[in-house]
Amino acid sequence: MLPLIVFAVGIVFYNYTQDRNDANRRVLETVRSIRLVLDSEVQRMTGGLQVLALTNALRSGDFQSFRRIVTGFLDQYGKDGVVLVSDRQGRLLFSSVTDDPASLPPRNNTEIVEKVFASKLPQYSDLFLGAIKQRQVVTVEVPVMREGEVVYDLAFSPPLDIFQTLVEKQRPDEHWTVSLLDSKGIVFARAPNPGDTFGKRATPSLYDEMFRKGEASLSAVSLDNVPLSAAYTRSRLTGWTVAAGVAESSLVAPLWRNIAITSLIGGVLLLTGLAFALRMAATIARGEMLHNLLVEELNHRVKNTLALMQAIAVQSFRSASRDERVKFEGRLGALAEAHNLLSQEKWQGSDLKDVIARALDPFLLNNPDRIRMNGPAVPLSPRLAVVLSMIVHEIATNAAKYGALSNETGTVTLDWEVTADTPKPRLRLIWAERGGPPVTAPVQRGFGSRLIERSARDQLGGEATVDFLPRGVVYTISCALDEPR
């Protein structure tokens, strides 16, 4: 009997080792996934600020008109968000909190203002004491350009509850600790115990390691003195770090529980084939676990690919023009938003209206009524959702630069319909602009136009046409619909 029990316990230890390795890998994949979600949220903030930076009211210094525009931007983040405009010396010229510029104090964090003016690129701050509300904040800051030069620093201090909510939603269960830390290793969002750990520096076991490499797995002790099997990864976009860990006790407890169960079953079922029964039980348990891991693995792999693309873009566009970087980051952001939507739906597909709304979100900040959408509910396969999201983003970008979304009066009508008179139902989508600048056909097609045409033809098996009519540009996209999976 003893040899059989020892053999069964050996199997349990083997499975525990395998599960422990899977857990370590899952922790690393989890922090990568959270980093991608965090970068996507910050990219959305950055994109909204860049749209605000292009408004004529701000660029001309008409802060009274700009205040009305800012209201639409802040509505999506809640009452605690603050938008500031400052000059090169850090003097505040505008605050969404008050309309009395004479009462505004100087910026507390002038170093980041200097970086914005020097680099002409978006910047992301560490945790610091805000000058307006006198509490700890982080900021997203973009340059306001006029004739190729930076004239203002446009800063947004988002409510920190946004990051806390993100952490709590991404935390797998109560055995996990998830933290967001700024580039100096200071906690600004955490689960559990956010109130007790906010503003504290990471524990030495994590702090000493996180500045050596961009990401790693390690054994660490949390700020609650809980031993963790942990991992961290640093965002190339913001310089912030995502750290997460699962309690060591939650990994060891199943081991002892399984040993006890195995010993008991070994004593009772020795004569009826103990080894076979235990092996079947272990196989069934591991099969269920592997099934869940495979579902999570799909989302992790897609998000890791997007994160890799973002890292490659940062290196590739280091010496490129700002316009080229903005174009690529916008396309990558549209792709990330499409994948985020699919991840929420467990890769079962998504509705056309949701896909379009995600792609157009940055262009609707100033006036959501400028783009009117009308059409039936159309379920899309993951393939169609991603490609159509990219196409709609390119069309909207062209409209924001040259068409109906480039001024204050233009409007867009986006209609779609499904026809079933062919072997496969076909989608027909029409983007029609009115009230924009005078329409002139371009001398040559840009990359965006070629992307729209080739994506519709090669990836959708359909076609895309554009008509430069006197009243405005009209795009027509048609393709066959797949069955959502």
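See the structure above.
A quick note: this is a predicted structure, and the numbers were derived from the prediction, not measured.

Parameters at a glance
Residues numbered from 1 in each chain as written. Predicted model: local features only at pLDDT ≥ 70, side-chain atom pairs only at ≥ 80, totals over all residues. Heavy atoms only, no water. Helix = DSSP H or I, 4+ residues; strand = E, 2+ residues; numbered from the N terminus. Buried < 20%, exposed > 50% of the residue type's maximum accessible area, 1.4 Å probe, protein only. Contact = heavy atoms within 4.5 Å. Areas by Shrake-Rupley, 256 points an atom, 1.4 Å probe, with all protein chains shown as cover. Phe/Tyr/Trp six-rings, centres within 6.5 Å; stacked < 30°, edge-to-face > 60°. Expected span 1.5 Å × (residues − 1). Axes fitted to C-alpha atoms, helices over the stretch in contact; angles between N-to-C directions. Parallel < 35°, antiparallel > 145°, perpendicular 65-115°, else oblique. Left-handed = near helix turned anticlockwise from the far one by under 90°. Nonpolar A, V, L, I, M, F, W, Y, C, P; charged D, E, K, R; others polar. Core = buried A, V, L, I, M, F, W, Y, C linked by side-chain atoms within 4.5 Å. Pairing = 2+ DSSP bridges. Arc of directions from axis to C-beta. Salt bridge = Lys/Arg side-chain N within 4 Å of Asp/Glu carboxyl O.

Peer 1: Can you explain the overall build of the protein? Please cite residues and give values.
Peer 2: Of regular secondary structure, the protein possesses 13 helices and 19 strands. Burial analysis of the protein (485 residues in total) assigns 48% to the buried set. Looking at the protein alone, contacts between residues at least 24 apart form 62% of all its contacts between residues at least 6 apart. When the accessible surface of the protein is totalled, it reaches about 23900 Å², and 55% of it is carbon and sulfur.

Peer 1: Can you tell me about the packing of aromatic side chains, naming the residues and giving the values?
Peer 2: Enumeration according to the criterion identifies 10 aromatic pairs in this entry. Counting every residue linked through ring pairs, the aromatic cluster contains F63, F66, F94 and Y152.

Peer 1: So what's going on with helix α12 (residues 382-401)? Residues and values would help.
Peer 2: End to end, α12 covers 29 Å across 20 residues, agreeing with the expected 28 Å (1.5 Å per residue, within 8%). Across the 20 residues that make up α12, a large majority, 17, are buried.

Peer 1: Talk me through unusual backbone geometry; I want residue IDs and the actual numbers.
Peer 2: A cis amide bond, omega 5°, links A191 with the succeeding residue P192. A positive phi angle, close to 55°, is found at Q134, a residue other than glycine. Positioned with a positive phi, N193 is a non-glycine residue whose angle comes to about 55°.

Peer 1: So what about the side chain of T241? Which residues, and what values?
Peer 2: Locating T241 in the fold gives a position in strand β12 (residues 241-247). In this view, T241 contacts S179, L180, L181, M210, Y232, T233 and R234; residues no more than four positions away in its chain are not counted.

Peer 1: How would you explain the packing of helix α11 (residues 352-360) against α12 if you had to name every residue and give the values?
Peer 2: It is the contact of α11 with α12, at a shortest axis distance of 9 Å, that shows an interaxial angle of 40°. Considering their axes alone, α11 and α12 lie oblique with respect to each other. For the pair α11 and α12, the sense of crossing is right-handed. Touching L352, V355, I356, A359 and L360 of α11 are A385, L388, S389, V392, H393 and A396, all from α12. Classifying every residue of the contact of α11 with α12 gives nine nonpolar, two polar and no charged.

Peer 1: Give me the lowdown on the nonpolar core, citing residues and values where you can.
Peer 2: Counting residues in each nonpolar core, the largest one holds 50 residues, and the members touching the most others are F66, L154 and F163. With 12 residues, helix α1 (residues 2-53) is the single largest residue contributor to this core. Once residues within four sequence positions are removed from consideration, L154 is found in contact with L49, L52, A53, L58, F66, V83, L84, V85, V140, E141, V142 and V144. Among the nonpolar cores identified, the runner-up in size contains 35 residues, and I391, I395, V412 and I452 belong to it.

Peer 1: Explain the pairing of strand β11 (residues 227-234) residue by residue, including any values.
Peer 2: Judged by how many residues are buried, β11 sits mostly within the fold: six of eight residues are covered. In this structure, strand β10 (residues 215-221) lies alongside β11, joined through seven bridges in antiparallel fashion. Note on β11: the bridge partner recorded for E215 is T233. In this structure, the hairpin formed by β10 and β11 is closed by a connection of five residues, where N225 is found at a positive phi of approximately 65°. Note: β11 against β12, seven bridges, orientation antiparallel. Residue pairing across strands places T233 opposite V242, the latter belonging to β12. Between β11 and the antiparallel strand that follows it, β12, lie six residues; G239 among them carries a positive phi value of about 80°.

Peer 1: Explain helix α13 (residues 447-459) to me, and be specific about the residues and the numbers.
Peer 2: Residues that lie three or four places apart on an α-helix share one face, since the helix turns once every 3.6 residues. Residues of α13 that are buried: G448, I452, S455 and A456. Viewed end-on, α13 has its buried residues packed into an arc of 90°, placing them on one side of the element. Directly beyond the C-terminal end of α13, a positive phi value near 65° is found at G461.

Peer 1: A description of the pattern of salt bridges should follow, citing residues and the corresponding values.
Peer 2: One pass over the structure, following the stated rule, counts 15 salt bridges. Salt-bridge contacts for R135 lead to D80; the nearest nitrogen and oxygen are separated by 3.8 Å. Taken together, the residues span a long stretch of sequence, with R135 in the loop between β4 (128-129) and β5 (136-137) and D80 in the loop between α3 (63-75) and β1 (82-86) at a distance of 55 residues. A relative accessible area of 38% means that R135 is categorised as partly exposed.

Peer 1: Run through the sheet that holds β1, naming residues and quoting values.
Peer 2: Sheet architecture is open: five strands sit in the order β2-β1-β7-β6-β3, paired in antiparallel fashion. Looking at strand neighbours, the two that pair on one side only are β2 (92-95) and β3 (123-124), the edges of this open sheet. Direction of pairing for β1 relative to strand β7 (residues 149-157): antiparallel, over a ladder of five bridges. Counted as the bridge partner of V85 is L154 from β7.

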